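Okay, here's what each chain looks like letter by letter:
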Amino acid sequence: MTDTAAPSYAPSYTDPARPPRRNWRLVRGVWKFLVAIKDALVLIAMLLFFGLIFAALNARPGTKAIKDGALVLDLNGSIVEQPEEQAAFAALSGQSQTRQFRLRDVVRSIDTARTDARVKVVVLDLDSFGGAYPAALGEVGDALARVRASGKPVLAYATAYTDGGYRLAANASEVWVNPLGGTIFMGPGGNQLYYKGLIDKLGVNAHVYRVGRYKSFVEPYTRADQSEDARAASTALYGTLFSQWREAIAKARPKAQIAQFLSAPDKVVLAANGNIAEANLRAGIVDKLGDRTAFGRRVAEIAGSDNNKAAGNFNTIKYDAWVKANPLPTGGDAIGVLTIAGDIVDGESGPGKAAGKTIEKAVLDGLAKKTLKALVVRVDSPGGSVLASEQIRLAILEAKRQKLPVVVSMGGLAASGGYWVSTPADVIFAEPGTITGSIGIFGVIPTFENALAKIGVTSDGVKTTPLSGQPDIVGGTTPMFDAIAQAGIENGYREFVSRVAASRKLSPARVNEIGQGRVWDGGTARQIGLVDRFGTLQDAIDEAAKRAKLDPAKVHAEYLEKKPGFLATLAQDFGDTGDDDAADGATGGDAFAHVAADRRQMLARAVGDMKRLATSGSIQARCLECGGMGPTSAGLGDAKLLDLLLARIGF
């Protein structure tokens, strides 16, 4: 018998019944990739799960009892009316975010500390303070002054104080500064960016339609410098607000020799051989020189300390825990409080921006419950979209149709569109430092025909009417379209004037006279009839209660705003990672570092303004000068945009 070879079943590349080996490699590679994705998703889910547990435990009221100690206000960010919502996973990824503190929470935390025996001292850590509008600084400063007047110590510390930071620190019973730091006061004002030269070089045509002699928001895109009208208006506004700053400092610290630091800072510093901190001490601007450890020891003398911890520690009550332990009251009748904070934009948006549809829904949903006895509108906005401003105004008018009293409380800023939404008020409250007015509107349409021509690109086509294809961003606008657009802007201005005239019981001619886009401080605004009374948000709530024939002591504020989502709450809880030792707090730079940081924030805001103007598709009622006196910290979006821009150009 002849042996025959066993048949071979080994696959070959030509075997049609078996795919090639390289295809199996591809399948295995895809499978490994899918498994890796699955593992990554499981890991993320586990991190979220444990993060949610951590946040839930921390969010429980009473998880940690408040013990005697120092209430530490580590204001490492700006004070705003309504904080922007933090990105949910920023803290988990290690991404740093500038914090924003809600004004009413800061004031409430200080006022409750004044009468609570557990708080032995209030500590202001202003090393990384991002500023606030003058009215907000005044409100917080007044709260600190009340604590000091009660006999409870208030201690402030910084390596170098900004102007806004010192506005708060001046109310402290002891002001400390680092011996290697020191404070130089800058005052409001300074240069801003003008883009006309760049726009011309790029070949971009900025078609501007505006009404208002002082409506200067568009000037950076149409001029290379500031107009005389804009300069005069800014000089008057900044001069008044700076005078208020000086008066507040003089009232809080009458012995502080501020004048010489404002008029001839070089002479003062040179007289101290360049030692700015020593010059501050000699002038009575600060009381003590010392580093954080020395400051901590001083606080420990009042609040106590743990001998088992590092030198400079003291018993601490953390700000977030204190705010949670002292929630807003909920008893009595409800006074609705509608917050209009940030840029007024079309559509929907989260906290920190006043989106027309979002605000409208908040008002109508609140009114639908039929439990509100009055409506207080809290405005802290530089304006924005005219369409969204009108949408918000009409929603507020619905409260009046339901016979509810409507009271407006202006915060740091209620200008342009911010004033438009204030016109339904029965009475308007503001602070002397409130920035308001700016009654005027504009529109800007960029076209790129010259820029395209530089690279050999032209445009042509069939037009069935004189307005076919207009506004044509590639071919340019026509005189007919320009005339129609300008007429529409002028009509919008007349609408603005008529609303203000009817609300304030002034003639349209008078409103036009004080309008023209001019920005006013709250004190002047009251004199010319744009504001009725001085007062805080609480004063406005009390007035609304009285108009509803209620006892102000027996009502509570019900805020008509979207509650932070669960992920946003989680992000906030993760962002609050400070330990109980205030001596280990954030470190700040010296006076020069503060100045450099302020300039960077100014650049971030300018880049953000440029983006907003280029992308806004609606007629705008917005204020340019308002940013010059506001928080030095740019918004979260502007800061990210600047970082992206610098990264793209190699910085």
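Residues numbered from 1 in each chain as written. Predicted model: local features only at pLDDT ≥ 70, side-chain atom pairs only at ≥ 80, totals over all residues. Heavy atoms only, no water.

### Section: the pattern of salt bridges
What counts is decided by this rule: When a carboxyl oxygen of Asp or Glu lies within 4 Å of a side-chain nitrogen of Lys or Arg, that pair is called a salt bridge. Secondary structure elements are taken from DSSP: a helix is a run of H or I of four residues or more, a strand is a run of E of two residues or more, and numbering for both begins at the N terminus. For the exposure calls, accessible area comes from a 1.4 Å probe over protein chains only, and a residue counts as buried if that area is under 20% of its type's maximum, exposed if over 50%, partly exposed in between.
Applying the stated rule across the entire model yields 30 salt bridges. Here Arg393 makes a salt bridge to Glu390, at a shortest N to O gap of 2.8 Å. Here Arg393 pairs with Glu390, and both are found in helix H14 (residues 386–401), just three residues apart, close to one helical turn. The buried category is assigned to Glu390, whose relative accessible area is 15%. The partner of Glu513 in a salt bridge is Arg510, with the nearest N and O atoms 3.3 Å apart. Of this pair, Glu513 and Arg510 both sit in helix H18 (residues 508–514), three residues apart, roughly one helical turn. Note on Arg510: relative accessible area 28%, which makes it partly exposed. Connected through shared salt-bridge partners, Arg102, Arg104, Asp105, Arg108 and Glu561 make up one network.

### Remarks on the packing of aromatic side chains
The geometry of an aromatic ring pair is captured by the separation of the ring centres together with the interplanar angle, meaning the angle of the planes. The criterion, for reference: Only the six-membered ring of Trp is used, alongside the rings of Phe and Tyr, when aromatic pairs are assigned; centres must lie within 6.5 Å, and planes under 30 degrees apart are stacked while those over 60 apart are edge-to-face, with the rest tilted. Only when the NZ of Lys or the CZ of Arg is both within 6 Å of the ring centre and within 35 degrees of the ring normal is a charge said to sit over the ring.
With the rule as written, the count across this model stands at 11 aromatic pairs. Considering the side-chain rings of Tyr157 and Phe295, the 5.1 Å spacing of their centres and the 40° angle between planes classify their relative orientation as tilted. Separated by 138 residues along the polypeptide, Tyr157 in strand S5 (residues 154–158) and Phe295 in helix H11 (residues 292–303) bring together distant segments of the chain. No difference in accessibility class separates Tyr157 from Phe295, as the two residues are buried. Where Trp176 meets Phe295, the ring centres are 5.6 Å apart and the plane angle is 70°; that geometry is what we call edge-to-face. With Trp176 in strand S6 (residues 174–177) and Phe295 in helix H11, this pair connects stretches of sequence that are 119 residues apart. In textbook terms, an aromatic cluster arises when at least three aromatic residues are bridged by ring pairs, as seen for Tyr161, Tyr166, Phe185, Phe242, Trp245 and Phe261. Over the face of the ring belonging to Phe242 we find Arg246, whose NZ or CZ atom lies 4.9 Å from the ring centre. It is Arg518 that lies over the ring of Tyr214; its NZ or CZ is 5.2 Å from the centre.

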